[in-house]
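Observations on chain architecture
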Amino acid sequence: MSRYLALVPAAGHGSRFGAPSPKQYLQLNGKPLMWHTLRALAAVAAIDTVAVVISPNDEWFDDFDWDLPKLQVLRVGGASRAESVRNGLDALDCAADDWVLVHDAARCCLSADAVERLLAEVGDDPVGGLLALPVPDTVKRADAERRVAVTVSRADLWLAQTPQMFRHGPLRQALQGAGLDAITDEASAIERSGGKPLLVEGDAQNFKVTYPRDLALARAVLAARKD
Ligand code: C5P
């Protein structure tokens, strides 16, 4: 039977966030932001390993007592998210048909329910899939003067979230070669190789902490959870 492993790329600097330390290490309800992320993944019974990819030059990880089961640290981060994921896949000890759930470190409000839904709906799909949300708002494309050039139909538009789950071998293969900088999620690497990943309805609370204003919402969501 195939295993399930989680891979969390956390080698970014969070330049849009603008804090002196990377956003994944900011304190959130008494723990580093990324602790909540890793804990959510570790809480899923089917996942046996939670591997976090940090930069070889990381100065923060060892300052915390992570105290989490299933945790494996891979100090192989690269220059882009895709490179960090590719290096992490290279370092993972698993079989080509094992499932890898790649999840952003900064999506710290992930719920175990959303992960269980992803696992159930993807099942043994030949390609794999990702959490995503149907776009609820009217969508505008801007011109160079930031005026509305066109209203884009939102029918069939989805916002990609993570986790994104694919089998280790095909995902590793899809992340080989040039042009990695343009790849901002695993699904687009699989699409580039001709695969059509399955969209599984995600959760609005599974947002990515990107700007300082997002912290208050993350704090409130985590505090409201009973556990
Ligand atoms: O920058 P962005 O928020 O899109 O990054 C998404 C995830 O990829 C974050 O968890 C970040 O730490 C990670 N990342 C990485 N290596 C990089 C750049 C980003 O692991 N070189």
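Predicted model only: the values in this text are computed from it and were never measured.

Further remarks concern the site of the ligand. Around the ligand, the structure places 15 residues, and the nearest of them are Pro9, Ala11, Gly78, Ser84 and Lys208. One of the backbone nitrogen or oxygen atoms of Gly12 is found 3.1 Å away from an oxygen atom of the ligand. One of the side-chain nitrogen or oxygen atoms of Lys23 is found 3.4 Å away from an oxygen atom of the ligand. Protein burial of the ligand: of its 460 Å² of free accessible surface, 82% is covered by the chains.

Counting 31 residues, the largest nonpolar core has Met34, Leu38, Ile47, Val52, Leu101 and Met165 as its most contacted members. Those residues in contact with Val52 that sit more than four places away from it in its chain are Val8, Ala10, Met34, Leu38, Phe61, Leu71, Gln72, Val73 and Leu74. Membership of the second largest hydrophobic core comes to 23 residues, among which are Leu7, Phe166, Ile183 and Ile190.

We now examine the UniProt feature "site: Positions MEP for the nucleophilic attack" (unreviewed entry) in the chain. As annotated in UniProt, the feature "site: Positions MEP for the nucleophilic attack" (unreviewed entry) corresponds to Arg154 and Lys208 in the numbering used here. Mapped onto the secondary structure, Arg154 falls in the loop between strand S9 (148–152) and strand S10 (158–167). Residue classification places Arg154 among the partly exposed residues on the basis of a relative accessible area of 40%. Apart from residues lying up to four places away in sequence, Arg154 is in contact with Val135, Pro136, Asp137, Thr138 and Val139. In this structure, Lys208 sits in the loop between strand S11 (198–201) and helix H6 (214–224). With sequence-adjacent residues up to four places away left out, Lys208 is seen in contact with Arg16, Asp104, Ala106, Arg107 and Asp214.

For the rest of this paragraph, the subject is the packing of aromatic side chains. Centre-to-centre distance and the angle between the planes together describe a pair of aromatic rings. Here the structure, examined in full by the defined rule, presents 5 aromatic pairs. With a centroid separation of 6.0 Å and 25° between ring planes, the pair formed by Tyr25 and Trp60 is classed as stacked. With Tyr25 in the loop between strand S1 (4–9) and strand S2 (27–28) and Trp60 in the loop between strand S4 (47–53) and strand S5 (71–74), the pair connects residues that are 35 residues apart, well separated along the chain. Taking relative accessible area as the criterion, Trp60 reaches 25% and is therefore assigned partly exposed. Centroid distance Tyr25 to Phe64: 6.1 Å. Interplanar angle 10°. Geometry classified as stacked. Here the residue Tyr25 occupies a position in the loop between S1 and S2, and Phe64 occupies one in the loop between S4 and S5, the gap between them amounting to 39 residues.

Structurally, Leu199 can be placed in strand S11. Judged by its relative accessible area of 39%, Leu199 falls in the partly exposed class. Here the alpha-carbon distance between Leu199 and Leu131, two residues 68 residues apart in the chain, equals 6.1 Å. Here Leu199 is in contact with Leu130, Ala132 and Trp158, once residues within four sequence places are set aside.

What follows covers the state of the cysteines. Each disulfide consists of a covalent bond between the sulfur atoms of two cysteine residues. Overall, the coordinates contain 0 disulfides when judged by the stated rule. Between Cys108, a free cysteine, and Cys109, which holds the nearest cysteine sulfur, the sulfur-to-sulfur gap is 4.2 Å.

Attention now moves to the side chain of Asp185. For Asp185, the position within the fold is in the loop between helix H4 (168–174) and helix H5 (186–192). Notably, Asp185 is buried but unbridged: the nearest opposite-charge side chain belongs to Arg81, and the N-O separation is 7.0 Å. Engagement of the side chain of Asp185 in a polar contact is seen with the side chain of Gln164, the distance being 2.9 Å. Filtering out sequence-adjacent residues up to four positions away, Asp185 remains in contact with Arg81, Ala160 and Gln164.

Conventions we followed
Residues numbered from 1 in each chain as written. Predicted model: local features only at pLDDT ≥ 70, side-chain atom pairs only at ≥ 80, totals over all residues. Heavy atoms only, no water. Near = heavy atom within 4 Å. Polar contact = N/O pair within 3.5 Å; in protein donor to acceptor, adjacent residues only side chain to side chain. Areas by Shrake-Rupley, 256 points an atom, 1.4 Å probe, with all protein chains shown as cover. Core = buried A, V, L, I, M, F, W, Y, C linked by side-chain atoms within 4.5 Å. Buried < 20%, exposed > 50% of the residue type's maximum accessible area, 1.4 Å probe, protein only. Contact = heavy atoms within 4.5 Å. UniProt positions renumbered as here; feature names shortened; annotations may be inferred. Helix = DSSP H or I, 4+ residues; strand = E, 2+ residues; numbered from the N terminus. Phe/Tyr/Trp six-rings, centres within 6.5 Å; stacked < 30°, edge-to-face > 60°. Disulfide = S-S within 2.5 Å. Lys, Arg positive; Asp, Glu negative; His and termini not counted. Salt bridge = Lys/Arg side-chain N within 4 Å of Asp/Glu carboxyl O.

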